[in-house]
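Okay, here's what each chain looks like letter by letter:
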Amino acid sequence: ATDVFERRNSVAGIDTAVLIAVDQSASMGLDEGARDAFDAIGAAAGATRMLAQVLSRCPGVAFDVRGFSAGTDFCGSGHGSDSALQKQASWHVFKSFAESASAFTRRSAALYKVRSTTPEIAALADVLRIVSARKEQRKIVIWIGDGASYSAHAAMALQAKYPNVTVIGIGIRVDLSDCFKHSVEVSEAKDLAAVSFRTIIKAIAA
């Protein structure tokens, strides 16, 4: 019968590498004593889950998901933005580029954990270096965070060193436009997933 099967034509997109970096510092935790309590890490985790599901179905897209908090200090020297790299980032990899989407499913519960302080410049340096070295034609970093203690000048200076990488900042109740050329602000947890979805699809389709 002619109506048993439906033919679908899929068009391959431009090869794209996407790294989702989630701020898991203590400021992302739920302050239950606050009058207007907002579960930032819960909202970020929900959005990350949805993005991972979407990306796993996008032809030609390789993706990596990881969360960061403060790691150990090291004795470095430098001036300007380089001096901010003296604190290393500690990473929890939920899915590497080399792994299948099932790896993220197995590890995603740890997305809800928050730890220590925010080494945003060290973390940004790590992800820019990783994504810049990828072979894909388009390279994207999706950064999800609350902007607490971020150094905007250092963040912009660092990104200028990697012009082949597009960084999209998703600010949780904060405007991250001072830190990232491409950014969106989300004020409600329920809106975070939808905004993230539109942002990443627009970047991949550009």
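See the structure shown above.
The notes below deal with the structure included here. (Residues numbered from 1 in each chain as written. Predicted model: local features only at pLDDT ≥ 70, side-chain atom pairs only at ≥ 80, totals over all residues. Heavy atoms only, no water.)

## Some details on the overall build of the chain
For the chain, the count of helices and strands is five helices and six strands. Each helix and strand of the chain, ordered N terminal to C terminal, gives the series β-α-β-β-α-α-β-α-β-β-α. Counting only contacts in the chain whose residues sit at least 6 apart along the sequence, the fraction spanning at least 24 positions is 73%. Of the accessible surface of the chain, which amounts to about 10,700 Å², a share of 51% is contributed by carbon and sulfur atoms. (Helix = DSSP H or I, 4+ residues; strand = E, 2+ residues; numbered from the N terminus. Contact = heavy atoms within 4.5 Å. Areas by Shrake-Rupley, 256 points an atom, 1.4 Å probe, with all protein chains shown as cover.)

## Things to note about helix 3 (residues 120-132)
For helix 3, with 13 residues, the first-to-last C-alpha span of 18 Å sits near the 18 Å given by 1.5 Å per residue. When helix 3 is considered as a whole, its buried residues turn out to be Glu120, Ile121, Ala122, Ala123, Leu124, Ala125, Asp126, Val127, Leu128 and Val131. (Expected span 1.5 Å × (residues − 1). Buried < 20%, exposed > 50% of the residue type's maximum accessible area, 1.4 Å probe, protein only.)

## A word on the environment of Thr105
You can see Thr105 is positioned in helix 2 (residues 101-107). Residue class for Thr105 comes out exposed when judged on its relative accessible area of 60%. Separated by 10 residues in sequence, Thr105 and Lys95 have C-alpha atoms that sit 8.7 Å apart.

## A word on helix 4 (residues 152-160)
Every buried residue of helix 4 is listed here: Ala154, Ala155, Leu158 and Gln159. Down the axis, helix 4 shows its buried residues gathered within 130° of arc, on one side only. Pointing more than 90 degrees away from the buried face of helix 4 are the exposed residues His153 and Ala160. At its buried positions, helix 4 is contacted by helix 3 and strand 5 (166-172). (Arc of directions from axis to C-beta.)

## Re the packing of helix 3 against helix 4
Following both chains from N to C, one finds helix 3 and helix 4 inclined at 15°, their axes separated by 10 Å at the closest point. Considered as vectors, helix 3 and helix 4 are oriented roughly parallel to each other. For the crossing formed where helix 3 meets helix 4, the hand is right-handed. Across from Ile121, Leu124, Ala125 and Leu128 in helix 3, the residues of helix 4 making contact are Ala154, Ala155, Leu158 and Gln159. Of the residues that constitute the contact of helix 3 with helix 4, the class distribution is seven nonpolar, one polar and no charged. (Axes fitted to C-alpha atoms, helices over the stretch in contact; angles between N-to-C directions. Parallel < 35°, antiparallel > 145°, perpendicular 65-115°, else oblique. Left-handed = near helix turned anticlockwise from the far one by under 90°. Nonpolar A, V, L, I, M, F, W, Y, C, P; charged D, E, K, R; others polar.)

## Considerations on unusual backbone geometry
Of note, Ser149 is a non-glycine position whose phi angle comes to about 65°, a positive value. Summarising the element assignment, Ser149 is placed in the loop between strand 4 (138-145) and helix 4. Even without glycine at this site, Arg173 takes up a positive phi of about 55°.

## Re the pattern of salt bridges
Overall, the coordinates contain five salt bridges when judged by the stated rule. Arg107 is the salt-bridge partner of Glu99, the closest N and O atoms lying 2.7 Å from each other. Given the relative accessible area of 28%, Arg107 is considered partly exposed. Shared partners join several salt bridges into a network, and the residues in it are Arg134, Lys135 and Glu136. (Salt bridge = Lys/Arg side-chain N within 4 Å of Asp/Glu carboxyl O.)

## Quick look at the packing of aromatic side chains
Using the criterion set out here, one finds four aromatic pairs in the structure. A centroid spacing of 4.8 Å and a plane angle of 45° characterise the contact between Phe68 and Trp143, whose relative ring orientation is tilted. Taken as a pair, Phe68 in strand 2 (residues 61-73) and Trp143 in strand 4 lie far apart in primary sequence, 75 residues in all. Ring pairing ties together the aromatic residues Phe68, Trp91, Trp143, Tyr150 and Phe180, which thus form one cluster. Sitting over the ring of Phe97, Arg134 keeps its end group 4.1 Å from the ring centre. (Phe/Tyr/Trp six-rings, centres within 6.5 Å; stacked < 30°, edge-to-face > 60°. Lys NZ or Arg CZ within 6 Å of the ring centre and 35° of its normal.)

## Examining the pairing of strand 4
With eight of eight residues buried, strand 4 lies mostly within the body of the structure. Burial of strand 4 is two-sided: the residues Arg138, Ile140, Ile142 and Ile144 facing one way and the residues Lys139, Val141, Trp143 and Gly145 facing the other way are all buried. In terms of strand pairing, strand 1 (residues 16-23) meets strand 4 through seven bridges, oriented parallel. Across the sheet, the residue bridging to Ala17 is Lys139, located in strand 4. Pairing geometry for strand 4 and strand 5, over six bridges, is parallel. By the bridge assignment, Ile140 is partnered in strand 5 with Thr166. This β-α-β element, strand 4 to helix 4 to strand 5, shows right-handed connectivity. (Pairing = 2+ DSSP bridges. Right-handed = clockwise from strand over helix to strand, strands pointing away.)

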